[in-house]
Amino acid sequence: MRFGEKLSLLRKRRGMTQLELAEELNVSRQAVSRWEQGISNPSTENMVRIGELLDVSIDTLVNENAQLQTVLAVPVAGAEEKKAVERHDKREILKSAVTVLAVVIVALIVFIGLSREQYVPAQPPGPIDMDELEKDIINQDNSNKGVLPLEPVD
């Protein structure tokens, strides 16, 4: 069996579409299609990654005499279960991210609210009573400054 036929068969047995395999390999769907049709072959790096993804040796992929019977005995349910677990994991990550984002937003709102409560604009001063100011200056305790208290002048 040729490489392209094996790739197509193994991919389908794993429940993967050409697009899904292409995304895993970071190539176009058309590249996977060309490989399966025998028009072109993947790079060595992609060949290794295909073997890992489809759980088969590179020798089994490229050797036309290698048999796939042992590989075909692998149940498809394993791939389905793996996909289900991956979907569940992605949902859990998304839920966690949304929760963290919500907590950050609430904390920011609370912080802004508290900072506005602490801010009290300064009141403009009222009119200055010059007589009161003069008395305050005269009656200040200047003994620790080495200055004698001032006496009011008539």
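Structure: see above.
Residues numbered from 1 in each chain as written. Predicted model: local features only at pLDDT ≥ 70, side-chain atom pairs only at ≥ 80, totals over all residues. Heavy atoms only, no water.

Draft legend 1. Geometry of unusual backbone geometry. Non-glycine residue Asn26 carries a positive phi angle of around 60°. Turning to its location among the elements, Asn26 is positioned in the loop between α2 (18-25) and α3 (29-37). Overall, Asn26 belongs to the exposed group, its relative accessible area being 73%. If you check the backbone angles, Asp55 has positive phi at about 55° while not being a glycine. With respect to the helices, strands and loops of the structure, Asp55 is situated in the loop between α4 (44-54) and α5 (58-62). Look at Asp55 and you get exposed, because its relative accessible area is 58%. (Helix = DSSP H or I, 4+ residues; strand = E, 2+ residues; numbered from the N terminus. Buried < 20%, exposed > 50% of the residue type's maximum accessible area, 1.4 Å probe, protein only.)

Draft legend 2. Region of the structure containing the nonpolar core. Counting residues in each nonpolar core, the largest one holds 16 residues, and the members touching the most others are Phe3, Leu7, Leu21, Trp35, Ile50, Leu54 and Leu61. Of all elements in the fold, only α1 (3-13), α2, α3 and α4 reach the threshold of two or more residues within this core. Take this core: its biggest share by element is four residues, from α4. (Core = buried A, V, L, I, M, F, W, Y, C linked by side-chain atoms within 4.5 Å.)

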